[in-house]
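Reading the structure
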Amino acid sequence: MKTLRMAVIAAALATAPLSSAQAETLKAEGGSAAGLSALVPQLLSKYAAPDHEIRVNVDQTLTRAALKVATGAIDLASTPAGAFSRMELGKGPYKDLGQEAIDASKNIRSLFSFLGGHIHVMTYEDSGIDSWDGIKGKRVFVGPPAGSASAQTTKLIESITGYKANEDYEAIKLAWSAASQAFEDGKFDVFMRTGTMGSAAVDQYGSAKKFRILGIPEEIIGTDAWNDYLSTPGYAADTLPAGSYSNQVNNDQDLLATAYVMFVSVHRDMDEDTAYALTKAMFENLDDAHAVNQGLAPLTLENAFVSLAAPLHPGAIRYYEEVGARVPDHLLGGS
């Protein structure tokens, strides 16, 4: 795996980012086709046309997509805020690359952040698991092998229960598509499933038998463990309203769920006019974006910089200054 990743970086380093004269066609990557990480670049493709044609490749591993942006192999991607923080340190999914990942992170610039979705902690009604304590000794799907989701889900479990992966429960890692089928087939007991609020794809899991979603327990809020969890870049919490899923057995109550923040990443050498046009295209079409998916409702000018650590691209800064949005000091200087 290390050799493969290093080969990807070495090859991509020879690829210069697109200049303004070539910027009519841009390459983008997103995550699960059912999630916002795929929808956001797809909407950008719609809003930026006809001046810019964005070809979006979805169902990609976003930690790798961030490397591709950093090396100029693609032009933009949905990037988990937490993954970027690990790239800056050469840790987590980038630990085998070390200094190369750290150096690559310096090439990443941002356009805006958005709430990527929620982690639905799902069990089937007949599993006998109706609280977090019931996870002990069970098989738990925590995320794909190469992504950043598993780091968040295992930390979430530990912050609530103190349970450690592969000591107190069996942590299962599979590709998202394989995990979905395995959950329906009863191959594991708990499914830590990412997805947008109210997603039909989530509700579909209960078409044969109802599922339960475990919400964050009230007694955890305010504890040192929970505050430490939320201090991690890109980790957040949000409410799943009652009635979000018709096939959810406990859908008569609001549930606090963990959420994750993403941002649209581009290479530092992207043409300034292109970065400006992409940023403007999204924010001038927010009414349409909100109508397309309620999960995009938090995406506003006021929330454009939430959990954002990657410096803004100068083109994005130009747009924000034009509309009078105050850019945090730590996001400036991203030339």
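Here goes a summary of the coordinates provided. (Residues numbered from 1 in each chain as written. Predicted model: local features only at pLDDT ≥ 70, side-chain atom pairs only at ≥ 80, totals over all residues. Heavy atoms only, no water.)

What follows covers the overall build of the protein. A tally of helices and strands in the protein yields 12 helices and 10 strands. Taking 2.2 N^0.38 as the reference for a compact globule, 335 residues should give roughly 20 Å; the C-alpha atoms of the protein span a radius of gyration of 20 Å, in line with that estimate. Dimensions of the protein, computed from the C-alpha atoms along their principal axes, are close to 60 × 45 × 35 Å. Every one of the 335 residues in the protein was classed for burial, and the buried ones make up 53%. For the protein, restricting intrachain contacts to residue pairs at least 6 apart in sequence, the fraction spanning at least 24 positions comes to 74%. By element, 48% of the accessible surface of the protein is carried by carbon and sulfur atoms, the whole surface being about 14,100 Å². Computed over 27 positive and 40 negative side-chain charges, the inter-centroid distance for the protein is 7 Å. (Helix = DSSP H or I, 4+ residues; strand = E, 2+ residues; numbered from the N terminus. Rg over C-alpha atoms; globule rule 2.2 N^0.38 Å. Buried < 20%, exposed > 50% of the residue type's maximum accessible area, 1.4 Å probe, protein only. Contact = heavy atoms within 4.5 Å. Areas by Shrake-Rupley, 256 points an atom, 1.4 Å probe, with all protein chains shown as cover. Lys, Arg positive; Asp, Glu negative; His and termini not counted. Charge placed at Lys NZ, Arg CZ, Asp CG, Glu CD.)

This brings us to the environment of Val40. Along the chain, Val40 falls in helix 2 (residues 36-48). Overall, the relative accessible area of 0% leaves Val40 in the buried class. Residues Val40 and Phe114 lie 74 residues apart in sequence; the distance between their C-alpha atoms is 8.8 Å. Beyond its immediate sequence surroundings of up to four residues, Val40 is in contact with Phe112, Phe114, Val264, Met282 and Leu296.

With that settled, the discussion passes to the nonpolar core. Counting residues in hydrophobic clusters, the biggest one holds 79 residues, and the most contacted among them are Phe112, Trp132, Leu156, Met282, Leu312 and Tyr320. A per-element tally of this core places helix 2 first, with seven residues. Discounting chain neighbours no more than four positions away, the residues touching Met282 are Val40, Leu43, Leu44, Tyr47, Phe112 and Leu299. Phe141, Ile172, Phe191 and Ala257 belong to the second-largest nonpolar core, a separate cluster that totals 18 residues. (Core = buried A, V, L, I, M, F, W, Y, C linked by side-chain atoms within 4.5 Å.)

Two side chains of opposite charge can pair, provided their charged atoms sit close to one another. In the structure shown here, the tally under the stated rule is 11 salt bridges. For Glu53, the salt bridge identified is with Arg55, shortest N-O distance 3.1 Å. Taking relative accessible area as the criterion, Glu53 reaches 40% and is therefore assigned partly exposed. Here Arg55 falls in the exposed class, since its relative accessible area comes to 52%. In this structure, Glu158 engages Lys164 in a salt bridge whose closest nitrogen and oxygen atoms are separated by 2.6 Å. Glu158 sits in the partly exposed class, given a relative accessible area of 35%. Since its relative accessible area comes to 35%, Lys164 is described here as partly exposed. When salt bridges with common partners are traced through the structure, they connect Glu272, Asp273 and Arg318 into a single cluster. (Salt bridge = Lys/Arg side-chain N within 4 Å of Asp/Glu carboxyl O.)

All right, on to the packing of aromatic side chains then. Counted according to the given criterion, the structure contains 19 aromatic pairs. Here the aromatic rings of Phe141 and Trp176 are separated by 5.4 Å at their centres, their planes lie at 70 degrees, and the arrangement is edge-to-face. Pair noted here: Phe141 is in strand 5 (residues 139-143) and Trp176 is in helix 7 (residues 176-184), with a separation of 35 residues, a long-range link. Given a relative accessible area of 0%, Phe141 falls into the buried group. Ring geometry for Tyr276 versus Tyr319: centroids 6.2 Å apart, planes at 65 degrees, classification edge-to-face. Of this pair, Tyr276 sits in helix 10 (residues 272-283) while Tyr319 is found in helix 12 (residues 314-322), placing the two residues 43 residues apart along the sequence. Judged on exposure class, the residue Tyr276 and its partner Tyr319 are both buried. Among the aromatic residues, those joined into a cluster by ring pairs are Tyr124, Phe141, Trp176, Phe183, Phe188, Phe191 and Tyr205. The residue whose ring lies beneath Lys209 is Tyr124, and the NZ or CZ to ring-centre distance is 4.7 Å. Across the ring face of Tyr276, the terminal group of Arg318 is positioned such that the distance to the ring centre comes to 4.3 Å. (Phe/Tyr/Trp six-rings, centres within 6.5 Å; stacked < 30°, edge-to-face > 60°. Lys NZ or Arg CZ within 6 Å of the ring centre and 35° of its normal.)

The values reported here are purely geometric and, on their own, carry no functional implication.
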